[in-house]
Amino acid sequence: MNEHAAVRLRQAIRRIEEATRDRTATACRPEDADDLTGTFATDGALGFDPIPFLRALHEVGSHAMVIGQVAGIMHGSAELTGDLDLLWDGTPAQARALRDALAAAGCTDLPNLDRAQVGYQVTSAAGDLC
């Protein structure tokens, strides 16, 4: 991640934290998001910080790409989010890397990576692996 993208992501994480500080959980999951307010209006935004998982992906040598709104934020979008979506190549080596990163980031229920799109949950982020 380049320096400018990292700064924009950290700023967005701070804005998400400030905007959700007094919000209570409603059991609204990111997959329940509507097209207007997106995942920022779901419980996924509460405590959202994708950086530890992105760091774990880097440390295990994953080639997964950030897509979705986090990618938008890293490129300058001001819209906030509550999920981290990733695109990966589906190879066995990358599946191992993803599993290692998921486990390192606190995932206790490893997803089935044989599917084209699967949800995941780590300690401070959730999203889809495509």
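Look a little higher up for the structure.
Just so it is clear, the model here is predicted, and its values are computed rather than measured.

Engineer: Can you break down helix H2 (residues 51–59) residue by residue, with the values?
Structural biologist: Residues Ile 51, Phe 53, Leu 54, Ala 56 and Leu 57 constitute the buried set of H2. In this structure, the buried side of H2 is in contact with helix H1 (3–20), strand E1 (65–67), strand E2 (85–87), helix H4 (92–104) and strand E3 (118–122).

Engineer: Can you lay out the packing of aromatic side chains for me, pointing to particular residues and giving the numbers?
Structural biologist: The tally for this structure, following the rule as stated, stands at one aromatic pair. Ring centres of Phe 53 and Tyr 120 lie 5.2 Å apart, and the angle between their planes is 45 degrees; on these two criteria the pair is classed as tilted. Residue Phe 53 is found in helix H2, and its partner Tyr 120 is found in strand E3; the two are separated by 67 residues along the sequence. Given a relative accessible area of 6%, Tyr 120 falls into the buried group. Its guanidinium or amino end placed over the ring of Phe 40, Arg 23 lies 5.0 Å from that ring's centre, counting from NZ or CZ.

Engineer: Any chance you could break down the nonpolar core for me, citing the residues and the numbers?
Structural biologist: By size, the foremost hydrophobic cluster in this structure holds 32 residues, and its most contacted members are Leu 9, Phe 53, Leu 84, Val 122 and Leu 129. Looking at this core, the elements with two or more residues in it are H1, H2, helix H3 (68–74), H4, E3 and strand E4 (125–129). In this structure Phe 53 touches Leu 84, Leu 86, Ala 101, Leu 102, Ala 105, Tyr 120 and Val 122, once residues within four positions along its chain are discounted.

Engineer: I'd like a description of the side chain of Thr 81, backed by residues and values.
Structural biologist: Topologically, Thr 81 is positioned in the loop between H3 and E2. Owing to a relative accessible area of 1%, Thr 81 belongs among the buried residues under this scheme. Reaching out from Thr 81, the side chain makes a polar contact with the side chain of Thr 39 at a distance of 2.9 Å. Separated by 3.0 Å, the side chains of Thr 81 and Asp 83 make a polar contact. The residues touching Thr 81, leaving out its near neighbours within four places in the chain, are Ile 16, Thr 39, Phe 40, Ala 45, Phe 48, Gln 69, Val 70 and Ile 73.

Cut-off values and rules
- Residues numbered from 1 in each chain as written.
- Predicted model: local features only at pLDDT ≥ 70, side-chain atom pairs only at ≥ 80, totals over all residues.
- Heavy atoms only, no water.
- Buried < 20%, exposed > 50% of the residue type's maximum accessible area, 1.4 Å probe, protein only.
- Helix = DSSP H or I, 4+ residues; strand = E, 2+ residues; numbered from the N terminus.
- Contact = heavy atoms within 4.5 Å.
- Phe/Tyr/Trp six-rings, centres within 6.5 Å; stacked < 30°, edge-to-face > 60°.
- Lys NZ or Arg CZ within 6 Å of the ring centre and 35° of its normal.
- Core = buried A, V, L, I, M, F, W, Y, C linked by side-chain atoms within 4.5 Å.
- Polar contact = N/O pair within 3.5 Å; in protein donor to acceptor, adjacent residues only side chain to side chain.

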